[in-house]
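Each chain, letter by letter, is given below.
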Amino acid sequence: HRVDRRQRQMCIRDRYQRRVRGVSIIQQSSTIMSHRKFEAPRHGSLGFLPRKRSRKFRGRIRKFPRDDPTKPVGLTAFLGYKAGMTHIVREANKPDSKIHKKEVVESVTIIETPPMIVVGLVGYVETPRGLRTLTTVWANHLSDQCKRRFYKTWYASKKKAFTKYAKKYAENMKSKTIDREVNRIKKFCKVVRVIAHTQVRHLPMNLKKAHILEIQVNGGADISAKVEYGLRLFEKHVPVDAVFEQNEMIDTIAVTKGHGFEGVVTRWGVTRLPRKTHKGLRKVACIGAWHPANIQWTVPRAGQYGFYHRTEANKKIYRIGKAKTDNASTEFDLTKKQITPMGGFPHYGIVRGDFLMLKGSVPGTRKRPITLRKSLLAQISRTAQEKIDLKFIDTSSKIGRGRFQTSEEKKKFLGPTKVHK
């Protein structure tokens, strides 16, 4: 009996030592991580769920900048159209940085921004459930490209939109209708926004319906100042430099490029299974345990890829170009040239109007409307406060490998050809 108890104690001691040794081996393997199969982060971000198609083709402003009564009254957003990309050369101005006073090459996006036309004014009252529209005042004259947006088939319609509303501007009717609604906005409303539309006929696109946007009016001492500012803009052109300025940080709101229905490897970036996997290898091996008997929302699944509504913050304006000028020339590059590269922007054409030059990329394809909004935050970083001085803007052909900046430079280099004889 005494021997059996001694053997039992030795077995328990050996079992304990093996257990401790096994824990130390596991801890050592977790710190060294001998192979990727033991540990890996998840594939794809869950912060952008649901990954579904956008309901709107144009970017929607869900939040406007906070109103500041101490600043002058003005608009907070604009609408442009993506033309394409190019690159620039500038001298960095970042003290204590390795690139300080050195030339850097950066990619930029060109967004064509024809002047917008203000055609309406909306007043909002505050409620426990948020803002609610009180009333809307429209301008006397609306262009056909604006009216087309209210019709599905313009050619088959009677084109009667706003014909009765225009009669309210008669002398004997205005005080009872238009002026009455304006006074209601001044008396009850807390937020004032203007209704403006783009001028698509100035763009190289086969588009006749204008895009309409509500733009909040910020600044001014009181609501009356905002209302009077909006009424003064009725039926007038608002250029982009009346809203933004150079070196300003803005936000872009747009719909990304669509790719249709895609699988988990493309949509989420999961790893392909081994080659000999049964019934395909571009799959998720295990989509969940037996219980709970449903698929968790965190598991990658196939579905819509692209055409998402996205807001990207802090896009710096490198240049605001004006139409019919040498808007691609700089102090260091005196060549007289415009922003359109040789042969035009691929799948867009020629930029004939005003434009914005933004650093980096912008969501969406060419010709897609891009909503531009003032930043929601106070820009105090060194990048935001840096002054941009461009040395060179590339205007060579974007189709293939462009070597020449202008057609004159190409003719001078190649000499007289058979076409020009």
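We now turn to the structure provided with this report.

The helix and strand inventory of the protein chain stands at 9 helices and 15 strands. Compactness check: the protein chain gives a C-alpha radius of gyration of 31 Å against a globular reference of 22 Å for 421 residues, more than 25% above the reference. Considered along the principal axes of its C-alpha atoms, the protein chain spans approximately 120 × 70 × 55 Å. Considering only residue pairs separated by 6 or more positions, the protein chain has 76% of its internal contacts joining residues 24 or more positions apart. Summed over all atoms, the accessible surface of the protein chain reaches about 26,500 Å², with 53% contributed by carbon and sulfur.

The next thing to look at is the nonpolar core. Within the largest apolar cluster, 54 residues are counted, with the highest numbers of intra-cluster contacts made by L75, I215, F244, L356 and L372. If one sorts the elements of this core by residue count, strand β4 (residues 116–127) sits on top with 8 residues. Among residues more than four places away in sequence, those in contact with L372 are T76, A77, F78, I111, T113, F244, I250, D251, T252, L356 and L358.

Here the bond from L49 into P50 is cis, since omega is -5 degrees, no more than 30 degrees from zero. With respect to the secondary-structure elements, P50 resides in the loop between α1 (2–32) and β1 (74–75). The backbone of F162 shows a phi angle near 65 degrees, a positive value even though the residue is not glycine. Residue position: F162 is located in the loop between α2 (144–147) and α3 (163–166). Here F162 falls in the partly exposed class, since its relative accessible area comes to 21%. Positive phi outside glycine occurs at N247, with the angle close to 70 degrees. Inspection of the secondary structure puts N247 in the loop between β8 (237–238) and β9 (249–255).

Bringing the environment of G303 into the picture now. Tracing the backbone through its elements, the reader meets G303 in strand β11 (residues 303–306). Overall, the relative accessible area of 7% leaves G303 in the buried class. Between the C-alpha atoms of G303 and F57, which are 246 residues apart in sequence, the distance is 19 Å. With sequence-adjacent residues up to four places away left out, G303 is seen in contact with G260, F261, E262 and R267.

Direction vectors running N to C along helix α5 (residues 178–188) and helix α6 (residues 223–232) enclose 145 degrees, while the axes themselves pass 8 Å from each other. Once α5 is placed against α6, the crossing between them reads as right-handed. Residues V182, I185 and K186 of α5 form the contact with α6, whose participating residues are I223, S224, V227, E228 and L231. When its residues are assigned to classes, the contact of α5 with α6 shows 5 nonpolar, 1 polar and 2 charged.

This part covers the layout of surface pockets. Looking at the largest pocket, its volume works out to about 820 Å³. In terms of lining residues, the largest pocket is bounded by 31 residues, among which P65, K71, E248, K374 and S375 are the most central. Of all the elements in the fold, those that place two or more residues in the lining of the largest pocket are β1 and α8 (382–385). Residues belonging to the lining of the largest pocket are distributed by class as follows: 12 nonpolar, 9 polar and 10 charged. Quantified by volume, the second largest pocket comes out at close to 610 Å³. Lining the second largest pocket we find 26 residues, and of these I61, R62, F64, R193 and E214 sit closest to its centre.

Counted according to the given criterion, the structure contains 17 salt bridges. Among the salt bridges present, the one from E181 reaches R184, with a minimum N-O distance of 3.1 Å. Here E181 and its partner R184 are both found in helix α5, 3 residues apart, which amounts to about one turn of the helix. Take R184: its relative accessible area is 27%, and that puts it in the partly exposed class. We note a salt bridge from E228 to K186, for which the minimum N-O separation is 2.5 Å. Of this pair, E228 sits in helix α6 while K186 is found in helix α5, placing the two residues 42 residues apart along the sequence. Take E228: its relative accessible area is 33%, and that puts it in the partly exposed class. Bridged by salt links that share partners, the residues R90, E106, K359 and E386 form one connected network.

We now examine α6. Those residues of α6 not exposed but buried are I223, K226, V227, Y229 and G230. On an axial view of α6, the arc spanned by its buried residues comes to 160 degrees, and they lie on one face. Contacts from the buried residues of α6 go to β1, β4, α5, β6 (191–197) and β7 (212–218).

Conventions and cut-offs
- All residue numbers refer to positions counted from 1 along the written sequence of the respective chain.
- Where local features are concerned, this predicted model is filtered to residues with pLDDT of at least 70; where side-chain atom pairs are given and counted, the filter is 80 or more; whole-chain, interface and lining totals use all residues.
- Each side-chain value is worked out from all heavy atoms of the structure, with water and hydrogens disregarded.
- The helix and strand labels rest on DSSP assignments: H or I over at least four residues marks a helix, E over at least two residues marks a strand, and numbering proceeds from the N terminus.
- Note that the radius of gyration is over C-alpha atoms, with the globule rule given as 2.2 Å times the number of residues to the power 0.38.
- Every residue pair with non-hydrogen atoms within 4.5 Å of one another is taken to be in contact.
- Using a 1.4 Å probe, the Shrake-Rupley method yields the accessible areas, and only the shown protein chains count as cover for residues.
- Put simply, buried Ala, Val, Leu, Ile, Met, Phe, Trp, Tyr and Cys residues joined by side-chain atoms within 4.5 Å make one nonpolar core.
- In this scheme, a residue with accessible area under 20% of its type's maximum is buried, one over 50% is exposed, and one in between is partly exposed, where area comes from a 1.4 Å probe on protein chains only.
- Between N-to-C directions, angles cover 0 to 180 degrees, with each direction set by a line fitted to C-alpha atoms, over the stretch in contact for helices.
- Rotating anticlockwise by less than a right angle from the far helix to the near helix defines a left-handed crossing, while the corresponding clockwise rotation defines a right-handed one.
- Polar here means any residue other than Ala, Val, Leu, Ile, Met, Phe, Trp, Tyr, Cys and Pro, which are nonpolar, and Asp, Glu, Lys and Arg, which are charged; Gly is therefore polar.
- Cavities and pockets are found on a 1 Å grid laid over the protein atoms alone: a cavity is a set of points where a 1.4 Å probe fits but cannot escape, a pocket is an open set with protein on both sides within 12 Å along at least five of seven lines, and a lining residue has an atom within 4 Å of such a point.
- Grid points are joined across faces, edges and corners, and a volume is the space filled by probe spheres set on the points.
- We define a salt bridge as a side-chain nitrogen of Lys or Arg found within 4 Å of a carboxyl oxygen belonging to Asp or Glu.
- Comment: arc refers to directions from the helix axis out to C-beta atoms.

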